[in-house]
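Observations on the model geometry
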Amino acid sequence: MRAVLASGVAAGLLALLGAVPGTSAAFTDETAATGGALGAHTVVSQAQPTCTDVLTVARIQWVKTDVRYDYAYAVRHTATGVVVATGTAGTATPAGGMVTLDVAPGLLSGGQQYDVEVRARLALRPTWVAATATVTPVRHAGVLVVGLAVRCGHV
C-alpha cells in the first residue's frame, strides 16, 4: 500500500510541475552616451636644455615641441632633495619657439648646488605629462664684483 501511495504522490508532483507554465522576459533599456571626446597622446619630452650664465641668473632654454604643451619645473637642493621653487614655463611660447627659464638667487642659499627638473605636459585637461624629465645642474655662488649670482653646473 505504501508503494502505491508513494508512486501516486510522485505522479501527482510530476503532473503539477509539468503543468507550471514557463516564464520569459524581454526588455529594452535605451540611452545615448554622453561625455567628452576620447583621445590618446604621448607627451614628448623636450631636448636637454642649454644653460648659460647671464650676470645674476642661470638662463635655462629649450625648444617648445608642441603648441599644446607647457612645462612644469622644480628647483631641488641637490644634497637634500628639498624643492625650493616650482612653476610653469612656456605657456605663451609658440611651437618651435625658445622657452626661457631664468633661475635667480632669490630662494637659493649661497654656495649650494641645485637641480632644475623640467617636464613637458599638456596644458589643457587632461594634464598628461612626459614619462621623463630633464635635469639641469646650477649652483648659487657669491661673486665679489657682481654680488650674488647663479651659475650653470655644479662645483
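Residues numbered from 1 in each chain as written. Predicted model: local features only at pLDDT ≥ 70, side-chain atom pairs only at ≥ 80, totals over all residues. Heavy atoms only, no water.

Quick look at the overall build of the protein now. From N to C terminus, the protein includes 1 helix and 8 strands. Helices and strands in the protein line up, N terminus first, as α-β-β-β-β-β-β-β-β. Taken across its 155 residues, the protein has 28% of its residues classed as buried. Counted over contacts in the protein with a minimum sequence separation of 6, partners at least 24 positions apart contribute 61%. By element, 62% of the accessible surface of the protein is carried by carbon and sulfur atoms, the whole surface being about 10,100 Å². (Helix = DSSP H or I, 4+ residues; strand = E, 2+ residues; numbered from the N terminus. Buried < 20%, exposed > 50% of the residue type's maximum accessible area, 1.4 Å probe, protein only. Contact = heavy atoms within 4.5 Å. Areas by Shrake-Rupley, 256 points an atom, 1.4 Å probe, with all protein chains shown as cover.)

Let us look at the side chain of Asp70. Examined against the element boundaries, Asp70 turns out to sit in strand β3 (residues 69-77). Setting aside residues up to four positions removed in sequence, Asp70 forms contacts with Thr88, Ala89, Gly90, Thr91, Arg119, Ala120, Arg121, Leu122 and Ala123.

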